[in-house]
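Coordinates in review
Chain by chain, the residues run as shown.
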Amino acid sequence: MQPHGVTVCIEKLNKSFGGNHVLKDVDLEVRAGETFSIIGPSGTGKSILLRHIIGLETADSGRILINEEPHGKLPRSYRSSMVFQSSALFNSLTVGENIGLWLREHRIYPEQRILEIIAEKLAIVGLEGKEELRTSELSGGMKKRVAIARSLAMEPDLVLYDEPTAELDPVTTDELAETIVSLRSRTSTTTIIVTHDLNFALYLSDRIAMMHQGRIVEVGTPREIKSSENPFVKGFIRTTTKGINGP
Ligand SMILES: Nc1ncnc2c1ncn2[C@@H]1O[C@H](COP(=O)(O)OP(=O)(O)O)[C@@H](O)[C@H]1O
Ligand SMILES: [Mg+2]
């Protein structure tokens, strides 16, 4: 099954934890095949929104439609996978075993095809032939790329990343950006990235949404975000580029 890039439509989503109203009437539409980033300072509800999209949290009100089907409906007509901040690889397994784990558990393909898929996904993230490496020997950036290859092995229609650049140095962050840009042209998967890294989001996104205190305050292309007159967007850009542009 080839990935077919789903649409994600979020309508008036609300979520509170006790008295803490974390998501406030969130409306958002992500198009099929889009690379879409959600930016904003920490604590604004980005991760919680992502957890709703993948189905790990249930909203108090509002709904999420994926390919126009209400979230939670089974059987699902799409596959999603998430690249967690910590990469969450199994240290006792090799790189290849980590990537093939899901395929072997689900017995979708014969072993020969699984080996081909592992090789194919490793090549996509620039780690061709690294199947036998031990996961514990990898650098942070390589772990991240293995985690991406593992999520791609599921041939997902929707891939979600939570803070993919956290813990990465600038050079590795740049390599990761290139990896995601090349994925954009090689797959039709819909990609949603949550990040506080403005520069990263501007570089690789088709469109960006800015979150502030649980609300979406702006949506636009990188060019539109850069020239936005929205005070929250301007404030975020000013804070994150202070060292470059001066106070
Ligand atoms: N499981 C939870 N229980 C209670 N509060 C939570 C839970 N998860 C997140 N929150 C709260 O939701 C808010 C938004 O968190 P989060 O989505 O992680 O922010 P971000 O990813 O933008 O940094 C925070 O105030 C956080 O304390
Ligand atoms: Mg977060």
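The shown structure was predicted, so the numbers you read here are calculated from the model rather than taken from an experiment.

This paragraph deals with the overall build of the protein. Assigned secondary structure in the protein consists of nine helices and 10 strands. Counting over 247 residues, the protein shows a buried share of 49%. Taking the intrachain contacts of the protein between residues at least 6 apart in sequence as the baseline, contacts between residues at least 24 apart amount to 68%. For the protein, the computed accessible surface area is about 12,000 Å², with 50% contributed by carbon and sulfur atoms. Across the protein, the centroid of the 29 positively charged side chains sits 3 Å from that of the 32 negatively charged ones.

In this section: the packing of helix α4 (residues 140–153) against helix α5 (residues 170–186). α5 packs onto α4 with a crossing angle of 20° between their chain directions and a minimal axis gap of 10 Å. Judged on the interaxial angle alone, α5 and α4 are roughly parallel. Note on packing geometry: the crossing formed by α4 with α5 is right-handed. Residues G141, K144, R145, I148 and L152 of α4 form the contact with α5, whose participating residues are T172, E175, L176, T179 and L183. Each residue belonging to the contact of α4 with α5 can be placed in one class, and the counts come to four nonpolar, three polar and three charged.

A separate point is the sheet that holds strand β10 (residues 215–220). The mixed open sheet is built from six strands, whose spatial order is β6-β7-β8-β3-β9-β10. The open sheet has two free edges, formed respectively by β6 (80–83) and β10, since each of these has just one partner strand. Ignoring strand direction, the axes of neighbouring strands in this sheet form an average angle of 20°. Relative to β10, strand β9 (residues 207–212) runs antiparallel, the two being bridged by five bridges. Counterpart to M211 in the pairing with β10 is I216. Set on the sheet, helix α1 (residues 46–54) makes contact with β3 (35–39), β6, β7 (158–162), β8 (190–195) and β9; between it and β7 the angle comes to about 155°. Strands β6 and β7 of the sheet are contacted by α4, whose axis makes an angle of about 175° with β6.

Turning next to helix α3 (residues 111–124). Its 14 residues place the ends of α3 20 Å apart at the C-alpha level, agreeing with the 20 Å of an ideal helix rising 1.5 Å per residue. All of the buried residues in α3 are I114, I117, I118, K121, L122 and I124. The buried residues of α3 occupy an angular sector of 155° when the element is viewed end-on, so they sit on one face. Next to the buried residues of α3 lie α2 (95–106), α4 and α5. Positive backbone phi, at 80°, marks G126, one or two positions downstream of α3.

In the vicinity of ligand 1, the contacting residues are F17, N20, V22, P41, S42, G43, T44, G45, K46, S47 and I48. Between an oxygen atom of ligand 1 and a main-chain N or O atom of T44, the distance comes to 3.1 Å. Measuring from an oxygen atom of ligand 1, one finds a backbone N or O atom of I48 at 2.9 Å. Listed by contribution, the elements that provide at least two residues to the shell around ligand 1 are β2 (20–30) and α1. Per element, the largest residue contribution to the shell around ligand 1 is three residues, and it comes from α1. Partitioning the shell around ligand 1 into residue classes produces four nonpolar, six polar and one charged.

This paragraph deals with the sheet that holds β2. Pairing within the open sheet is antiparallel, and its four strands lie in the order β2-β1-β4-β5. Looking at strand neighbours, the two that pair on one side only are β2 and β5 (69–70), the edges of this open sheet.

This part takes up unusual backbone geometry. Although it is not a glycine, R107 adopts a positive phi angle of roughly 45°. Mapped onto the fold, R107 is located in the loop between α2 and α3. Classification of R107 as exposed rests on a relative accessible area of 73%. In this structure, E155 takes a positive phi of about 50° despite not being glycine. Position of E155 relative to the elements: it lies in the loop between α4 and β7. The exposure class assigned to E155 is buried, which follows from its relative accessible area of 7%.

Before going further, it helps to spend a moment on the domain arrangement of the protein. Looking at the assigned domains, one finds that the protein contains domain 1 (8–79 + 155–245) and domain 2 (87–151). Taking the mean C-alpha position of each, domain 1 and domain 2 sit 26 Å from one another. On the side of domain 2, 12 residues touch domain 1, which itself brings 16 residues to the contact. Taking both partners together, domain 1 and domain 2 bury about 1,100 Å²; carbon and sulfur atoms supply 61% of that area.

Reading the values: rules and limits
- Residues numbered from 1 in each chain as written.
- Chains lettered and ligands numbered in written order.
- Predicted model: local features only at pLDDT ≥ 70, side-chain atom pairs only at ≥ 80, totals over all residues.
- Heavy atoms only, no water.
- Helix = DSSP H or I, 4+ residues; strand = E, 2+ residues; numbered from the N terminus.
- Buried < 20%, exposed > 50% of the residue type's maximum accessible area, 1.4 Å probe, protein only.
- Contact = heavy atoms within 4.5 Å.
- Areas by Shrake-Rupley, 256 points an atom, 1.4 Å probe, with all protein chains shown as cover.
- Lys, Arg positive; Asp, Glu negative; His and termini not counted.
- Charge placed at Lys NZ, Arg CZ, Asp CG, Glu CD.
- Axes fitted to C-alpha atoms, helices over the stretch in contact; angles between N-to-C directions.
- Parallel < 35°, antiparallel > 145°, perpendicular 65-115°, else oblique.
- Left-handed = near helix turned anticlockwise from the far one by under 90°.
- Nonpolar A, V, L, I, M, F, W, Y, C, P; charged D, E, K, R; others polar.
- Pairing = 2+ DSSP bridges.
- Expected span 1.5 Å × (residues − 1).
- Arc of directions from axis to C-beta.
- Near = heavy atom within 4 Å.
- Polar contact = N/O pair within 3.5 Å; in protein donor to acceptor, adjacent residues only side chain to side chain.
- Domains from an automatic or database assignment.
- Buried area = accessible area lost by both parts, 1.4 Å probe.

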